[in-house]
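A closer look at the structure
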Amino acid sequence: MLVFVVGAVLMLAVPGAALLKLITASTILPALIYGSTVILYLAVRKRLERKEGAFDLGRFELPVAIGALVWSIVVLFVLVTPSAAIVPVVIVVGLLAVGGLYFLYLLLFRREVLETEPDAASLGTGH
């Protein structure tokens, strides 16, 4: 319901062209995150622990990962190359910059937050 309400409010409050730019930006960011995840996987895959009976692509692991990376690059290219995509790209770069600054703040002043995982009790779930 929240997504529907926020979407409806945005459609009414934001002019059509601006809403299209936000939608484009919200498409670029997940593609970028997915590509980054694939790059991270390729960088650490040799050090990952293999569990008996777990899902495994076997000899197709590397070709599938490289295919996913190529697909991510193609998707990003298609999304950011049109001249109309300059505003969405600026939005994404701004979001990444704000996130990077927040991470730097945590790294410099609240490092303990980055070195521990929250437990269920601190999240209030109680499970």
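For every chain, the first residue of its written sequence is number 1, and the numbers climb from 1 along that sequence. With the structure being a predicted model, the display of local features is reserved for residues of pLDDT at least 70 and the display and counting of side-chain atom pairs for 80 or more, all residues being used for whole-chain, interface and lining totals. For the side-chain quantities, the full set of heavy atoms in the structure was used; hydrogens and water were omitted.

With respect to the overall build of the protein chain
Each helix is a run of H or I in the DSSP string that is no shorter than four residues. Each strand is a run of E no shorter than two, and both are numbered from the N terminus. Secondary structure assignment for the protein chain yields 6 helices and 0 strands. Ordering the α and β elements of the protein chain from the N terminus gives α-α-α-α-α-α. With a 1.4 Å probe rolled over the protein chains alone, any residue whose accessible area is under 20% of its type maximum counts as buried; one over 50% counts as exposed, and the rest are partly exposed. For the protein chain, the residues scored as buried account for 14% of the 127 residues in total. Sequence-distant contacts, at least 24 apart, represent 67% of the contacts inside the protein chain between residues at least 6 apart. Here the Shrake-Rupley method, with its probe set to 1.4 Å, supplies the accessible areas, and only the displayed protein chains count as covering residues. On the protein chain, roughly 10,100 Å² of surface is accessible, and the fraction owed to carbon and sulfur atoms is 74%. We call two residues contacting when some pair of their heavy atoms lies within 4.5 Å.

Considerations on the packing of aromatic side chains
Aromatic contacts are taken between Phe, Tyr and Trp rings whose centres are within 6.5 Å, Trp giving its six-membered ring; a plane angle under 30 degrees counts as stacked, one over 60 as edge-to-face, and the others as tilted. Within this structure, the stated rule accounts for 2 aromatic pairs. An aromatic cluster of at least three residues, connected via ring pairs, comprises Tyr 102, Tyr 105 and Phe 109.

Some remarks on helix α4 (residues 86-109)
With 24 residues, α4 extends 34 Å between its outermost C-alpha atoms, agreeing within 8% with the 34 Å of an ideal straight helix rising 1.5 Å per residue. Every buried residue of α4 is listed here: Pro 88, Val 92 and Leu 106. Multiplying one less than the number of residues by 1.5 Å gives the expected span of a helix.

Some thoughts on the environment of Pro 30
Residue position: Pro 30 is located in helix α2 (residues 16-44). A relative accessible area of 45% places Pro 30 in the partly exposed class. Residues Pro 30 and Leu 76, 46 residues apart in the sequence, show an inter-C-alpha distance of 9.8 Å.

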